[in-house]
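Chain and residue survey
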Number of protein chains: 2
Amino acid sequence: MTAKLSIDLDRSSPVPLYFQVAEQISEAIQRGDLPPGSRLDNEILLADRLGLSRPTVRQAIQYLVDKGLLVRKRGVGTQVVHGQVKRSVELTSLYDDLRRAGQEPATRVLVLETGPADERVAAILGVPAGAEVLRLERIRYAAGEPLALLHNWLPVGLAPLTAEGLQERGLYELLRSAGVRMRVANQRMGARAATATEARLLGERRGAPLLTMLRTTYDDQGRAVEHGSHVYRASHYSLEVTLIER
Amino acid sequence: MTAKLSIDLDRSSPVPLYFQVAEQISEAIQRGDLPPGSRLDNEILLADRLGLSRPTVRQAIQYLVDKGLLVRKRGVGTQVVHGQVKRSVELTSLYDDLRRAGQEPATRVLVLETGPADERVAAILGVPAGAEVLRLERIRYAAGEPLALLHNWLPVGLAPLTAEGLQERGLYELLRSAGVRMRVANQRMGARAATATEARLLGERRGAPLLTMLRTTYDDQGRAVEHGSHVYRASHYSLEVTLIER
DNA sequence: GACATCAGAATGTCATGACAAATATGGCCC
DNA sequence: GGGCCATATTTGTCATGACATTCTGATGTC
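Below you will find a few notes about this structure. (Residues numbered from 1 in each chain as written. Chains lettered and ligands numbered in written order. Predicted model: local features only at pLDDT ≥ 70, side-chain atom pairs only at ≥ 80, totals over all residues. Heavy atoms only, no water.)

This paragraph deals with the overall build of chain A. In terms of helices and strands, chain A carries 8 helices and 9 strands. Looking at chain A residue by residue over its 246 residues, the buried ones come to 53%. Taking as baseline every contact in chain A between residues at least 6 positions apart, the subset at least 24 positions apart corresponds to 56%. A total of about 11900 Å² of accessible surface is found on chain A, and carbon and sulfur atoms cover 49% of it. (Helix = DSSP H or I, 4+ residues; strand = E, 2+ residues; numbered from the N terminus. Buried < 20%, exposed > 50% of the residue type's maximum accessible area, 1.4 Å probe, protein only. Contact = heavy atoms within 4.5 Å. Areas by Shrake-Rupley, 256 points an atom, 1.4 Å probe, with all protein chains shown as cover.)

With that settled, consider the pattern of salt bridges. For the structure on display, the rule yields 22 salt bridges over all chains. Here Glu43(B) ties to Arg54(B) by a salt bridge, and the two come within 2.9 Å at their closest N and O atoms. Within this pair, whereas Glu43(B) is found in helix H2 (residues 43-50), its partner Arg54(B) is found in helix H3 (residues 54-66), the two being separated by 11 residues in sequence. Looking at Glu43(B), the relative accessible area reads 12%, which means it is buried. Given the relative accessible area of 40%, Arg54(B) is considered partly exposed. Salt bridges here are not isolated pairs; linked through shared partners, they connect Glu43(A), Arg54(A), Arg58(A) and Arg72(A). (Salt bridge = Lys/Arg side-chain N within 4 Å of Asp/Glu carboxyl O.)

Turning our eyes to something else, we now look at the protein's contact with DNA strand C. Near DNA strand C, the surroundings consist of 26 residues, among which Leu17(A), Pro55(A), Thr56(A), Glu43(B) and Arg58(B) are the closest. Counting only the atoms of DNA strand C that lie within 4 Å of the protein, the sugar and phosphate share comes to 73%. Take Arg74(A): an N or O atom from its side chain is 2.8 Å from a sugar or linking oxygen of DNA strand C. Here a base nitrogen of DNA strand C sits 2.9 Å away from a polar atom, N or O, in the side chain of Arg54(B). Mapped onto the surface near DNA strand C, the elements with two or more residues apiece are helix H1 (17-31) and helix H3 (54-67) of chain A together with H3, strand S1 (70-73) and strand S2 (77-80) of chain B. Here the surface near DNA strand C gets 4 residues from one element, more than from any other, and that element is H3(A). Split into classes, the residues belonging to the surface near DNA strand C amount to 7 nonpolar, 9 polar and 10 charged. (Near = heavy atom within 4 Å. Polar contact = N/O pair within 3.5 Å; in protein donor to acceptor, adjacent residues only side chain to side chain. Nonpolar A, V, L, I, M, F, W, Y, C, P; charged D, E, K, R; others polar.)

Bringing the packing of aromatic side chains into the picture now. All names here are of chain A. For the coordinates displayed, the defined rule picks out 4 aromatic pairs over all chains. Seen in terms of ring centroids, Tyr18 and Phe19 are 6.3 Å apart; in terms of plane orientation they differ by 85°. Their pairing is edge-to-face. One aromatic cluster in this structure is built from Tyr18, Phe19 and Tyr63. A cation over a ring is seen here: Arg120 above Trp153, with NZ or CZ 5.7 Å from the ring centre. (Phe/Tyr/Trp six-rings, centres within 6.5 Å; stacked < 30°, edge-to-face > 60°. Lys NZ or Arg CZ within 6 Å of the ring centre and 35° of its normal.)

Residues and elements named next belong to chain B. In this structure, Gly77 sits in strand S2. Remark: the alpha-carbon pair of Gly77 and Glu43, spanning 34 residues in sequence, is separated by 8.6 Å. With near-sequence residues (within four places) excluded, Gly77 lies in contact with Arg39, Val71 and Arg72.

Okay, H3(A) next. With 14 residues, H3(A) ought to run about 20 Å at 1.5 Å a step, and its terminal C-alpha atoms sit 20 Å apart, in line with that. Considered for burial, the residues of H3(A) that qualify are Thr56(A), Val57(A), Ala60(A), Ile61(A), Tyr63(A), Leu64(A), Val65(A) and Asp66(A). (Expected span 1.5 Å × (residues − 1).)

Here we take up the nonpolar core. Counting 30 residues, the largest nonpolar core has Met189(A), Leu239(A), Met189(B) and Leu239(B) as the members making the most contacts within it. Among the elements of the structure, strand S5 (145-155), strand S6 (182-193), strand S7 (209-219) and strand S9 (239-244) of chain A together with strand S5 (145-155), strand S6 (182-193), strand S7 (209-219) and strand S9 (239-244) of chain B are those that each provide at least two residues to this core. Non-local contacts of Leu239(A), meaning those with residues more than four positions away in its chain, are made with Gln187(A), Met189(A), Leu211(A), Met213(A), Gln187(B), Arg188(B) and Met189(B). Ranked by size, the runner-up nonpolar core spans 22 residues in total, among them Leu5(A), Ala28(A), Val57(A) and Leu69(A). (Core = buried A, V, L, I, M, F, W, Y, C linked by side-chain atoms within 4.5 Å.)

It is worth spelling out the packing of H1(A) against H3(A) at this point. Residues and elements named next belong to chain A. In contact at an axis separation of 8 Å, H1 and H3 are set at 50° when each is read in the N-to-C sense. Between H1 and H3, the angle is such that the two are oblique. Remark: the crossing between H1 and H3 carries right-handed chirality. Of the residues in H3, those in contact with Leu17, Tyr18, Phe19, Val21, Ala22, Ile25 and Ser26 of H1 are Thr56, Gln59, Ala60, Tyr63 and Leu64. (Axes fitted to C-alpha atoms, helices over the stretch in contact; angles between N-to-C directions. Parallel < 35°, antiparallel > 145°, perpendicular 65-115°, else oblique. Left-handed = near helix turned anticlockwise from the far one by under 90°.)

Side-chain positions along a regular strand alternate between the two faces of the sheet. All names here are of chain A. For strand S1 (residues 70-73) and strand S2 (residues 77-80), the ladder comprises 4 bridges, and the chain directions are antiparallel. Counted as the bridge partner of Lys73 is Gly77 from S2. The antiparallel hairpin formed by S1 and S2 contains 3 residues in its connecting segment, where Gly75 sits at a positive phi of about 80°. (Pairing = 2+ DSSP bridges.)

Now for helix H1 (residues 17-31) of chain B. All names here are of chain B. Along its 15 residues, H1 runs 21 Å from first to last C-alpha, staying within 8% of the 21 Å computed at 1.5 Å per residue. The complete set of buried residues in H1 reads Gln20, Val21, Ala22, Ile25, Ser26, Ala28 and Ile29. Those residues of H1 that are buried lie in contact with H2, H3, S1 and S2. A positive phi of about 100° marks Gly32, the residue just after H1.

Before going further, it helps to spend a moment on the environment of Leu239(B). Mapped onto the elements of the fold, Leu239(B) is located in strand S9. By relative accessible area, which is 9% here, Leu239(B) ends up buried. Counting along the chain gives 50 residues from Leu239(B) to Met189(B), while the straight-line C-alpha distance between them is 9.2 Å. Contacts of Leu239(B), omitting those with residues within four sequence positions, involve Gln187(A), Arg188(A), Met189(A), Gln187(B), Met189(B), Leu211(B) and Met213(B).

Right, here's the structure in full:
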């Protein structure tokens, strides 16, 4: 099933060619032009038709393979995956996820202050114990319902954070626009029963099951930029990730 | 800080050169020969010294960047990440995780039978509703304590599964050795309170918080090879993943 | 002394060419 | 008709060469 997908290239654009190719193949898959299981033309032919070299086409395909959209097999070819994979593993915040899902997220900032780091937080963030760190406590709502209780610690001076900014744009977006380039995150998920305080803030009864998440995010150079300890109402939220084996 | 790491290449080996390079750099990092923050030699010099081309060296480095061990910055160089990243996102089973952690996992097989698939499972596995599928129910123990209740559905005829095999080697290892090549998994995590049955099997009290996981694994060609619905004792287990932004 | 400009260094992107390895397909033989 | 084998196809790996882009640091000017 050779699909005839048309790809326009703009060689004057600063966007890399392999990325232009990858994006347009990705769009064709989303549109349904390339149904699951369909075969792409082979790399040589594709390169020839696009006026590109094979390595460039390979790079584009590899990018989509890493995202879980395509599957390659030597001697066979490249196919669109069958099972609809939601989306690749990405460094997103709850805020991003909600926005993407079309829900209107709202935030109430409970705490936004600097103070000395306790031993645990200092070790995680890689600062001396007792050094000043920014502490953040928020409630996240979706569709008017409380959804999660968010607790964060950040090194001071990383980005100018205000309660207004946090309410309107979310922590990750603020960090990104301040030039912080987040690259790796370590995330641990668990569950436990709600304490009385948590139950009150989230509108659950005491002892209700909560989904917990500990996350530490590192930047470009491996420096910790954020540590979070969050609890989600299990009745209203679950976390999804896609794992890909190289 | 130019590190002098020695890399031996075996050109007669079937192992790709880029992979040999990547593994030996990775080992040097684990050993501590390349401490966090240290800079690698630049790609051109490295290629020259190893007698390889720059693309091959780049491929090796890219592989480690994807695993979260290295960080590259244009105009600067390649560095070992600071924060110790545990391990990359991998397609592993609970059995693998426990083995790696040094715990001796044990399994009790409760159910191992074929039967008609209900509508939900049929849709997930991509088989006609009512088709025969393999159903599996197990309890996983670690250090003598019950840890999780595992529920799986698989297409029939994928691999010869026996209760003995499952007890000794785990599901994923059995699938792998049967030639099933798992590539992508979609995983959803949540939490809920234990039912009476679950509480009894796991040695918790009724209503205790459980970590839940739904996972569907796809192979090479995007065909679903396994669907699981598992519950873990939140008091004894949490799930860790590492996210990497390309 | 502070700021702007410029040069060097490193990775990012892309092209061309070649051979190796794995898979599926078809034909041949039994 | 079924199984084995040669072959064509396709991706995997590797080499060489070139130019672009970005960041750092040093130099020079005001």
